[in-house]
Each structure stands twice: as structure tokens, then as C-alpha cells.
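Structural overview for review
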Amino acid sequence: MPELPEVETTRRGLSPFLTQQQVVAVRVREPRLRWPVPTELARVLPGLTIEHVGRRAKYLLLTTHHGTLIIHLGMSGSLRIAEAGTPPNTHDHVDLVLQNGRCVRLRDPRRFGAILWTGGDPLDHPLLVNLGPEPLSEQFHGEYLYQRSRGRRTAVKSFIMNSDVVVGLGNIYANEALYEAGIHPARGVHRIAKTRYERLIRAIKQVLDDAIAAGGTSVRDFVNSQGEPGYFSHSLRVYGRGGKACLRCGRMLQQTRIGQRSSVYCLYCQR
DNA sequence: AGTGCGGCCTGTCCGC
DNA sequence: TGCGGACAGGCCGCAC
């Protein structure tokens, strides 16, 4: 389940291998991802050079002079660099073959991911145009969250997982950030003071920064490796620990469902 | 407009 | 040991 830190780790790992590389072929073995892989890729992409590997939210953006490849890893997707002759494994659905004899290989067992192509500005793409700010940007601050919460009554966990509000927070890091901020995940957004939003902002940035830093140390060999940055599970303090002891107070962590998502929290440390 | 939820998928784990 | 079922998750698209 790649969350923003995993996607950013992937971006950093791939960038040196892809930047200024020309694509010579596209091989699609399984086009049935979240949306069908565009058939035009095989026609449009060969001959184009990847100028930059960027990211917006959890979308990776492979930019050329004539358009941008938009890749989402969904729940189970991963990208790695392979020698073009390496036989694909199960669930290796798409290869972008590069001029240097290597390829970028997309593996995605659950096929929740996506590959899309746009000839225009990717930020104007319908999937990206309405996204909220990046959580690590200066535009994401306490006053912003507070203002966006006005007139709403939803649970704060659902609120921060809403990509209209802020991008990149999946279930794992939403749980972690609320724990760090000492806020109960089911608390209504209309019952949180501005100063607590400021604390929440700090917690979100800290949790994501730490996860990216942990991934950074493991951005090792994307060539013929698993290519999967992992989920930094060593740094998770509540996610997956329901029923175990709170690392702060020792009381048992609660586990419930909020907005159809499993939520773990400490009844005493989070109010 | 804001909110909740169904559905897409398969690997993993559990109980029988 | 084999099998069925629950569960996990991102996020679009729909219904209210």
C-alpha cells in the first residue's frame, strides 16, 4: 500500500535511472489496471525522452517534451528497473523499454494502479486538477486546515484522508499522525481548536518526513531488486498494533472502523 | 456541497 | 492438507 513516502522514495530511486533516457518501446502484457492502459502509449512514447521524474500527490509524473506519463501505484504497485532481457514475473504488467537496454517494469498484483497519458499539463488532468495541497508544502498549515474544516462535521480522520483537503495521507499515516497529535480519530472537525490543528499539521509533516527519511536510507538498488521501498513498519507506533500497549501510556490501543477504514488509537492519549 | 459507501482486485491469514 | 471466507487498502463515482 504505497503511501506518499513510499511513492516519493520510488521517485527518488527511479529518477537517476530514467532522467534523460529515451523510451524505445512499450510492452503491455496486462492492460486491465484501474483504467485500461491507453493503447496510444505504444504509438506515442517510443522515441521520446524522459526529461524529469516528478510527483504530485501519489501520482508519479514522467515528463517528456510531448506529454507526461501519469503513474499511480494503487495499493500493491511497484516500479523497478530491470535489464530488458529479464523475463517478467507474475503481475509484471507493463515495461517501458529504454534505449540503454534496461526497462522500467510495473508490477501490480491487485491492479488498483493506473498508467495514463496526457499531452497537456499533467496538473490540469482531471484526476489532478482538484487535489488539495501537498502535506509537506508551506501551503499546508494550521490556519488552512482550520478554515477548510468550517461548515463540516465529519470525523477528523476522514477529513485528513480526503484528497480535496490534503493529498498523500492514506490510512496508515493518518492513524500515525493523529496519534502523534493526541487527537481522537473520530473527533468531529468542528470540535477541534485552531491550535490543535497546528499541532496536527506538525504531526503530519513529522510523520511523513520521518518515513521519507527512513525510505531514503533504503533507496538502494532499483536495478533487478524488488524495487519496493517497504512500508517503514519499524517506525509505526499505532497502525497494526490494535490490542497492544500504547507506547506512551501502556494502556491497550483501541481498534475500530471509521469511514470503512480500520483505525487504531489510544483512548487516553488521544482526545 | 458535504458525506457515506460500493466496487474494483488478490495475497494473506484464519478457522473448520 | 485443502478450502472458503474475511480482511486489507486508494480512490473514483455515485446516491443521498
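So, a few notes on the structure that sits alongside this text. (Residues numbered from 1 in each chain as written. Chains lettered and ligands numbered in written order. Predicted model: local features only at pLDDT ≥ 70, side-chain atom pairs only at ≥ 80, totals over all residues. Heavy atoms only, no water.)

Looking now at the packing of aromatic side chains. This structure, assessed with the given rule, holds two aromatic pairs. Taking the centre distance of 6.2 Å and the plane angle of 65° together, the rings of Phe-140 and Tyr-144 count as edge-to-face. Each member of the pair, Phe-140 as well as Tyr-144, carries the same accessibility label: buried. Between Tyr-146 and Tyr-197, the ring centres sit 6.2 Å apart and the planes meet at 70°, which makes this aromatic pair edge-to-face. Remark: Tyr-197 occurs in helix α6 (residues 194-216) and Tyr-146 occurs in helix α3 (residues 142-149); sequence separation between them is 51 residues. (Phe/Tyr/Trp six-rings, centres within 6.5 Å; stacked < 30°, edge-to-face > 60°. Buried < 20%, exposed > 50% of the residue type's maximum accessible area, 1.4 Å probe, protein only. Helix = DSSP H or I, 4+ residues; strand = E, 2+ residues; numbered from the N terminus.)

Now for the environment of Gln-139. By secondary structure assignment, the location of Gln-139 is in the loop between β9 (114-118) and α3. Each C-alpha atom, one on Gln-139 and one on Ile-50, is 29 Å from the other, the two residues being 89 residues apart in sequence. Other than its neighbours up to four places away in sequence, Gln-139 contacts Pro-133 and Tyr-144. (Contact = heavy atoms within 4.5 Å.)

As a matter of local geometry, DNA strand B sits amid Arg-34, His-91, Pro-109, Arg-110, Arg-111, Phe-112, Arg-152, Arg-153, Thr-154 and Gln-260. Among the atoms of DNA strand B lying within 4 Å of the protein, the sugar-phosphate backbone contributes 63%. The contact in question runs from a phosphate oxygen of DNA strand B to an N or O atom on the side chain of His-91, over 2.5 Å. Taking Arg-110, its side chain carries an N or O atom lying 3.1 Å from a base oxygen of DNA strand B. The residue inventory of the surface near DNA strand B, partitioned by class, reads two nonpolar, three polar and five charged. (Near = heavy atom within 4 Å. Polar contact = N/O pair within 3.5 Å; in protein donor to acceptor, adjacent residues only side chain to side chain. Nonpolar A, V, L, I, M, F, W, Y, C, P; charged D, E, K, R; others polar.)

Looking now at the sheet that holds β9. Strand pairing in a sheet is mediated by backbone hydrogen bonds. Such pairs are either parallel or antiparallel. Read across the open sheet, the four strands follow the order β3-β4-β5-β9; overall the sheet is antiparallel. Lying at the two open borders of the sheet, with one neighbouring strand each, are β3 (52-56) and β9. For this sheet, the mean angle separating the axes of adjacent strands, direction not counted, is 25°. Relative to β9, strand β5 (residues 67-72) is paired through five bridges, and the arrangement is antiparallel. Paired with Ile-71 across the strands is Ile-115, a residue of β9. Here helix α1 (residues 4-18) sits on the sheet in contact with β3 and β4 (59-64), set at roughly 170° to β3. (Pairing = 2+ DSSP bridges. Axes fitted to C-alpha atoms, helices over the stretch in contact; angles between N-to-C directions.)

The subject of this paragraph is the protein's contact with DNA strand C. Around DNA strand C sit 17 residues, and of these His-72, Met-75, Tyr-239, Arg-257 and Arg-261 come closest. Here a phosphate oxygen of DNA strand C sits 3.1 Å away from a polar atom, N or O, in the side chain of Tyr-59. In this structure, Arg-110 approaches DNA strand C through a side-chain N or O atom, which is 2.9 Å from a base nitrogen. Considered class by class, the residues forming the surface near DNA strand C number seven nonpolar, four polar and six charged.

Purely geometric numbers; function is a separate question.
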